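Here is what each chain is made of, one letter per residue.
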Amino acid sequence: MNHRKTESLCISSIVYHLLRTSAVGISYTNILFYGKQNGYLSILIGFIFGFIPLLIYLYIMDSNPDLNIIQLNEKIFGKFFGKIINAILCVFIFTFAIITFWNLGDFVNSQFLNATPTFAITVAFLIPIIYIIHKGFNTIARTGLILFYVNILAFLLIVFSLVPQIEINNLLPFMEDGIVPVLKGSYNFIAYNLLPLFLLTIIPKKNIINNNKTKKHVIIMYALSSLAIILVMLMITGIFGINLAQTFAYPEYHVLKRISLFNSLQRLESMISLTWLFAFFITLSLSLYYVCENIKVTFNINNKKIITTIIVIISIIALILSEFIFKNHTQAQSFLLKIFPNMMFIFLLGIPIIIAIKAKFTKKEPNQEA
């Protein structure tokens with residue numbers, strides 16, 4: 001896999017895609033379930049508390065700029081324990097990729113191609129994903145930047161078309177059931193939208209051009225992405241009302257049907273929602289890149305043919321398992337609402353906190369100081 005240097009702006013564009021991916025079909029639905037008409041408040045609170053894990057990830061990247069998270073763990077915990085931690089993180093990120101594959105297939109199948117098997121849909125994504133992983137992180141990041149610009153244009157159209165349709169009364173009453181349901185919604189927002197930013201630690205900071213600006217760029221993109229998610233939540237609840245919004249499996253998609261452009265384009269929501277597939281593409285590419293890089297570093301693999309074989313095998317396995325991970329949609333909803341957010345916190349916040357503390361008190365070698 002190619003390790004050319006990447007622009008700081010490209011890194012920050014990945015933040016936008018990582019935050020948006022699980023919003024589709026998972027976090028919006030979960031936040032509506034808990035926060036109801038105050039779901040936007042759940043996101044706002046989650047955004048504020050989300051700075052904690054975000055700064056932890058940035059600190060990990062800063063602690064040893066020459067190393068990615070896999071190399072860092074072996075350095076600060078030793079080869080044995082470092083490999084164990086890396087294996088745990090690798091398995092969980094692989095699980096996250098499988099669930100993302102499932103979410104992608106379910107979204108496209110239910111909203112666009114209901115006569116097409118989900119397996120065929122995900123296979124169509126698998127080929128470019130394998131290609132972009134093989135080309136390396138720099139290609140993933142550059143692709144993410146291009147797709148980010150396309151997404152921004154689509155989002156501006158959404159805002160100008162739908163914000164005027166928001167009914168303030170649909171956002172009331174304010175915290176009717178108290179603060180606890182709102183905080184549960186915040187918990188889901190952090191778990192699904194923010195904690196995947198851990199994937200950024202797979203790139204050594206030294207491989208980022210103008211890396212002194214990385215923290216600023218990432219924080220700005222985090223704020224803008226969170227604002228976009230809040231606006232969509234306001235549109236969903238403000239236009240539909242909470243009772244109608246909760247009846248949709250993908251309320252963020254159905255609200256787009258309210259968009260009109262000079263009354264001349266039909267099914268405009270389908271064209272705009274295709275931009276969400278870009279987020280799935282980047283997140284899946286980065287997740288599987290993380291897994292493959294983990295295997296490569298752990299087993300010290302440098303042969304390009306072997307690395308390519310690993311990329312293909314890991315990607316195919318993830319796709320196949322996504323077909324069997326849930327028996328039905330009801331089981332999926334229950335797992336994604338009640339169990340997986342806790343797993344996200346344990347593996348993508350709990351373990352990084354331990355890594356950050358250990359890195360803090362592990363003496364740096366002179367040639368590794370920033």
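Rules used throughout
- Residues numbered from 1 in each chain as written.
- Predicted model: local features only at pLDDT ≥ 70, side-chain atom pairs only at ≥ 80, totals over all residues.
- Heavy atoms only, no water.
- Helix = DSSP H or I, 4+ residues; strand = E, 2+ residues; numbered from the N terminus.
- Rg over C-alpha atoms; globule rule 2.2 N^0.38 Å.
- Buried < 20%, exposed > 50% of the residue type's maximum accessible area, 1.4 Å probe, protein only.
- Contact = heavy atoms within 4.5 Å.
- Areas by Shrake-Rupley, 256 points an atom, 1.4 Å probe, with all protein chains shown as cover.
- Axes fitted to C-alpha atoms, helices over the stretch in contact; angles between N-to-C directions.
- Left-handed = near helix turned anticlockwise from the far one by under 90°.
- Nonpolar A, V, L, I, M, F, W, Y, C, P; charged D, E, K, R; others polar.
- Salt bridge = Lys/Arg side-chain N within 4 Å of Asp/Glu carboxyl O.
- Lys, Arg positive; Asp, Glu negative; His and termini not counted.
- Polar contact = N/O pair within 3.5 Å; in protein donor to acceptor, adjacent residues only side chain to side chain.
- Parallel < 35°, antiparallel > 145°, perpendicular 65-115°, else oblique.
- Expected span 1.5 Å × (residues − 1).
- Bend = angle between axes of the 7 residues up to and from the residue.
- Phe/Tyr/Trp six-rings, centres within 6.5 Å; stacked < 30°, edge-to-face > 60°.
- Patch = residues over 30% accessible without salt bridge, like charges linked within 9 Å, V, L, I, M, F, W, Y side chains within 5 Å.
- pLDDT = per-residue confidence, 0-100.

Within the protein, the secondary structure is distributed over 14 helices and two strands. The C-alpha atoms of the protein give 20 Å as radius of gyration, which agrees with the globular expectation for 370 residues (21 Å, within 12%). Referenced to the eigenvectors of the C-alpha coordinate spread, the extents of the protein come out at roughly 60 × 45 × 40 Å. Relative to its 370 residues, the protein shows a buried fraction of 58%. In the protein, the proportion of contacts linking residues at least 24 apart, taken out of those at least 6 apart, comes to 86%. Surface accessibility of the protein: about 15900 Å² in total, with carbon and sulfur atoms responsible for 67%.

In this section: the packing of helix H7 (residues 137-162) against helix H9 (residues 214-240). Contact geometry of H7 with H9 gives a least axis separation of 11 Å together with a crossing angle of 35°. Between H7 and H9 the crossing geometry is left-handed. Every residue of H9 that contacts H7 at Phe148, Phe155, Ile158, Val159 and Leu162 is listed here: Met221, Ala228, Leu231, Val232, Met235 and Ile239. A per-class count over the contact of H7 with H9 returns 11 nonpolar, no polar and no charged.

Here we come to the pattern of salt bridges. This model, assessed by the stated rule, comprises five salt bridges. Connected via shared salt-bridge partners are Asp62, Lys205 and Lys215.

Let us now look at the side chain of arginine 20. In this fold, arginine 20 is placed in helix H1 (residues 8-21). Although arginine 20 lies buried, it forms no salt bridge, and the closest oppositely charged side chain, glutamate 252, sits 9.2 Å away as judged by the N-O distance. A distance of 2.4 Å separates a polar atom in the side chain of arginine 20 from a polar atom in the side chain of asparagine 151. Excluding anything up to four places from it in sequence, arginine 20 contacts Asn151, Thr275, Trp276 and Ala279.

With that out of the way, let us pick up the packing of H1 against H7. The N-to-C vectors of H1 and H7 enclose an angle of 65°; their axes lie 8 Å apart at closest approach. Considering their axes alone, H1 and H7 lie roughly perpendicular with respect to each other. In this structure, the crossing between H1 and H7 has a hand that is left-handed. Each of Leu9, Cys10, Ile11, Ser13, Ile14, Tyr16, His17 and Arg20 in H1 lies in contact with H7, whose residues at this interface are Phe137, Ala141, Arg142, Gly144, Leu145, Leu147, Phe148, Tyr149 and Asn151.

This part takes up helix H5 (residues 69-111). With 43 residues, H5 should cover 63 Å at 1.5 Å per step; its first-to-last C-alpha distance of 37 Å lies more than 12% under that length. If you look at H5, its biggest bend is around 130°, right at glycine 78. The N-cap of H5, judged by a side-chain oxygen 3.0 Å from the amide nitrogen of isoleucine 70 a few residues on, is asparagine 68.

Attention now goes to H9. In this model H9 runs 39 Å from its N-terminal to its C-terminal C-alpha over 27 residues, within 8% of the 39 Å that 1.5 Å per residue would give. Of the residues trailing H9, glycine 241 is marked for its positive phi of about 85°.

The final tally for this structure, using the stated rule, is 22 aromatic pairs. Taking 5.2 Å as the distance between ring centres and 70° as the angle between the ring planes, the aromatic pair formed by phenylalanine 47 and phenylalanine 51 counts as edge-to-face. You can call phenylalanine 51 partly exposed: its relative accessible area is 26%.

With that settled, the discussion passes to the environment of isoleucine 325. The residue isoleucine 325 is located in the loop between helix H13 (304-322) and helix H14 (329-360) in this model. Sequence-wise, isoleucine 325 and glutamine 71 are 254 residues apart; in three dimensions their C-alpha atoms are separated by 31 Å. Setting aside residues up to four positions removed in sequence, isoleucine 325 forms contacts with Ile98, Ile99, Trp102 and Gln331.

With that out of the way, let us pick up a nonpolar patch on the surface. Side chains of Leu44, Ile48, Phe49 and Ile52 sit close together on the surface and give an oily, nonpolar patch of about 400 Å² of accessible area. No other element matches helix H3 (residues 39-49), which puts three residues into the nonpolar patch. Within the secondary structure, phenylalanine 49 is located in helix H3.

With an omega dihedral of 0°, the bond running from leucine 172 to proline 173 counts as a cis peptide bond. Its place among the elements puts proline 173 in the loop between H7 and helix H8 (179-194). Look at asparagine 300: it is not a glycine, yet its phi comes out positive at around 50°. Summarising the element assignment, asparagine 300 is placed in the loop between helix H12 (268-298) and H13. By relative accessible area, which is 59% here, asparagine 300 ends up exposed.

Tracing the backbone shows tyrosine 59 in helix H4 (residues 51-63). Note: C-alpha distance between tyrosine 59 and isoleucine 357 (298 residues apart in sequence) is 10.0 Å. Contacts of tyrosine 59, omitting those with residues within four sequence positions, involve Ala356, Ala359 and Lys360.

For the rest of this paragraph, the subject is the confidence of the model for the protein. Averaged over every residue, the pLDDT of the protein is 90; the share at 70 or more is 94%. Counting interchain partners and residues more than four positions distant, the pLDDT-below-50 stretch residues 366-370 has eight contacts.

Below, the discussion takes up the environment of leucine 286. Structurally, leucine 286 is set in helix H12. For leucine 286, a relative accessible area of 0% corresponds to the buried category. On a C-alpha basis, the gap between leucine 286 and valine 15 in space is 11 Å, while along the polypeptide they are 271 residues apart.

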